[in-house]
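# Structural characterization, general
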Amino acid sequence: MSVNLSQVIFSYDTSRKARLSGEYYLKVDNLNIKDTNEFIAIVGHTGSGKSTLTHLLNRLLIPQKGKLVVDEKEVTKRTKLLPIRKKVGLVFQFPEYQIFEDTVLKDVSFGPKNFKLDNPETLAIEAMETLGIADLKDRNPFTLSGGQMRKVAIAGILASKPDILVLDEPTVGLDSASKEELLEFLKYLNEVKHISIVLITHDMEVVTKYCRRAIVLKKGNILYDGDSLELFRDEKLVEDAHLDYPHLTKIMIELKKKYNLDIDPYKYDAASAFSELEKALIGGKHE
Ligand SMILES: Nc1ncnc2c1ncn2[C@@H]1O[C@H](COP(=O)(O)OP(=O)(O)OP(=O)(O)O)[C@@H](O)[C@H]1O
Ligand SMILES: [Mg+2]
């Protein structure tokens, strides 16, 4: 299964005037996301169209032009949307807005019930157990902490067993331990449960540590779609898209320039950066 956007143009303003002006919020020539083995970061300056792009992936927004193809079938006005929403699960930028029932269990069961899956409560409890929040099942979700609420929202999507899980800045506002726990959990879903993950993030450390592919947006256009590590080798692109470098890369680039070192600065973990520096400084010999 895969999701494909082709020749898509989307604008929030649907007036005739806007249509004639040719202005748009998002333009996607071709984007393909598979249902297994993908771990994609969507990055770009604020307002570049990241959330809009994810809303187009499961037809939460309808493009003015272009095609959405899910599972090799074109989505048209007549296509039933529930099966698409089940395949592509979306956790919103502010997941607390996604919560509305008065107990956690009811809220997490809503998706599987809505999609008419068998045993929705069992699926909900399984998802809550995976996220370590089964003990919250009888609590009112609105009395939970921000981090707990986010887990409830994620469990709500996960309970419906999506093939592709799309998360809009899921780590914002979490402390560093919860952030790492959530990312490791996504890695587990990706590697063990084979769910494709699409993650909007402003954190370049997350891009290099967890993601294999990166999509860079600028003013509604895709500037780059490729390997998440190779991305940072293109200095012009990083600057053009107003991206940061990962901290370590920033230091390595500075050291290379300042001391004219013969190193590859694009080493994304401390051990390989250290051995790259060691090689250049003492010729790789350590006695
Ligand atoms: N509901 C809306 N109505 C009109 N314009 C909108 C709406 N939502 C977003 N926009 C505009 O569309 C553009 C893209 O917005 P989008 O929310 O996709 O950006 P983003 O990359 O997710 O930004 P951020 O990093 O701040 O979340 C922006 O110019 C924004 O102002
Ligand atoms: Mg956004």
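Being a predicted model, the structure only gives us computed values, none of them experimental. (Residues numbered from 1 in each chain as written. Chains lettered and ligands numbered in written order. Predicted model: local features only at pLDDT ≥ 70, side-chain atom pairs only at ≥ 80, totals over all residues.)

This part takes up the overall build of the protein chain. Within the protein chain one finds 11 helices and 10 strands. Relative to its 287 residues, the protein chain shows a buried fraction of 37%. Restricting to contacts in the protein chain with at least 6 residues of sequence separation, those with at least 24 account for 64%. (Helix = DSSP H or I, 4+ residues; strand = E, 2+ residues; numbered from the N terminus. Buried ≥ 20, exposed ≤ 12 C-beta atoms within 10 Å, placed from the backbone. Contact = placed C-beta atoms within 7 Å.)

Considering the arrangement of structural elements, one finds V75 in the loop between strand 5 (73-74) and helix 3 (82-87). Taking C-alpha positions, V75 is 9.7 Å from N58, a pair spaced 17 residues apart along the chain. Beyond its immediate stretch of four places on either side in the chain, V75 contacts R59, L68, V70 and I84.

With respect to the helices and strands, R85 occurs in helix 3. Here R85 falls in the partly exposed class, since 19 other C-beta atoms lie within 10 Å of it. Taking the C-alpha atoms as reference points, R85 and S11, 74 residues apart in sequence, are found 21 Å from one another.

What follows covers the site of ligand 1. Residues in close proximity to ligand 1 include Y12, Y25, G44, T46, G47, S48, G49, K50, S51, T52 and Q93, which together make up its full environment. Top element by residues in the shell around ligand 1 is helix 2 (residues 50-57). It accounts for three residues. Split into classes, the residues belonging to the shell around ligand 1 amount to two nonpolar, eight polar and one charged. (Near = placed C-beta within 6 Å. Nonpolar A, V, L, I, M, F, W, Y, C, P; charged D, E, K, R; others polar.)

The domain boundaries assigned to the protein chain delineate domain 1 (36-56 + 80-230) and domain 2 (245-281). Put simply, the middle of domain 1 and the middle of domain 2, counted by C-alpha atoms, are 33 Å apart. Contacts between the two partners involve four residues from domain 1, matched on the other side by five residues from domain 2. Considering only residue class, the side of domain 1 that touches domain 2 consists of two nonpolar, one polar and one charged. (Domains from an automatic or database assignment.)

Attention shifts here to the packing of helix 4 (residues 104-114) against helix 6 (residues 146-158). The contact between helix 4 and helix 6 brings their axes to 6 Å, and the two run at 35 degrees. Pair helix 4 / helix 6 crosses with right-handed handedness. Facing V104, D107, V108, F110 and G111 of helix 4, the residues of helix 6 in contact are V152, A155, G156 and I157. (Axes fitted to C-alpha atoms, helices over the stretch in contact; angles between N-to-C directions. Left-handed = near helix turned anticlockwise from the far one by under 90°.)

In this section: the packing of helix 5 (residues 120-131) against helix 6. Following both chains from N to C, one finds helix 5 and helix 6 inclined at 135 degrees, their axes separated by 9 Å at the closest point. It follows from the interaxial angle that helix 5 and helix 6 lie oblique. Both helix 5 and helix 6 take part in a crossing whose hand is right-handed. Residue-level contacts link A127, M128, T130 and L131 of helix 5 to K151, I154, A155 and L158 of helix 6. Looking at side-chain class alone, the contact of helix 5 with helix 6 contains six nonpolar, one polar and one charged residues. (Parallel < 35°, antiparallel > 145°, perpendicular 65-115°, else oblique.)

Those residues of helix 4 that fall on the buried side of the exposure criterion are V104, L105, D107, V108, S109, G111 and P112. In this structure, the buried residues of helix 4 make contact with helix 5 and helix 6. Once helix 4 finishes, K116 follows within two positions and takes phi at roughly 60 degrees, a positive value.

Moving on, we come to the pairing of strand 4 (residues 65-70). Both strand 1 (residues 2-10) and strand 4 contribute to a ladder of five bridges, which runs antiparallel. Residue pairing across strands places V3 opposite V70, the latter belonging to strand 4. From the end of strand 4 to the start of strand 5, which pair antiparallel, there are two residues, and D71 there has a positive phi angle of about 60 degrees. (Pairing = 2+ DSSP bridges.)

Here we come to the environment of G49. Within the fold, G49 resides in the loop between strand 3 (39-44) and helix 2. Sequence separation between G49 and K161 is 112 residues, and the spatial gap between their C-alpha atoms is 27 Å. The contact partners of G49, leaving out residues within four places of it in the chain, are Y25, L26, G44, L217 and G220.

Moving on, we get to helix 10 (residues 247-259). An ideal rise of 1.5 Å per residue puts 18 Å on 13 residues; helix 10 measures up with 18 Å between its terminal C-alpha atoms. What helix 10 keeps buried is the set L248, T249 and M252. When helix 10 is viewed along its axis, its buried side chains cluster within an angular range of 95 degrees and face the same direction. Facing away from the buried side of helix 10 by over 90 degrees, the exposed positions are H247, E254, K257 and K258. Taken together, the buried residues of helix 10 touch helix 11 (270-282). Directly after helix 10, the chain includes N260, whose backbone phi takes a positive value near 50 degrees. (Expected span 1.5 Å × (residues − 1). Arc of directions from axis to C-beta.)

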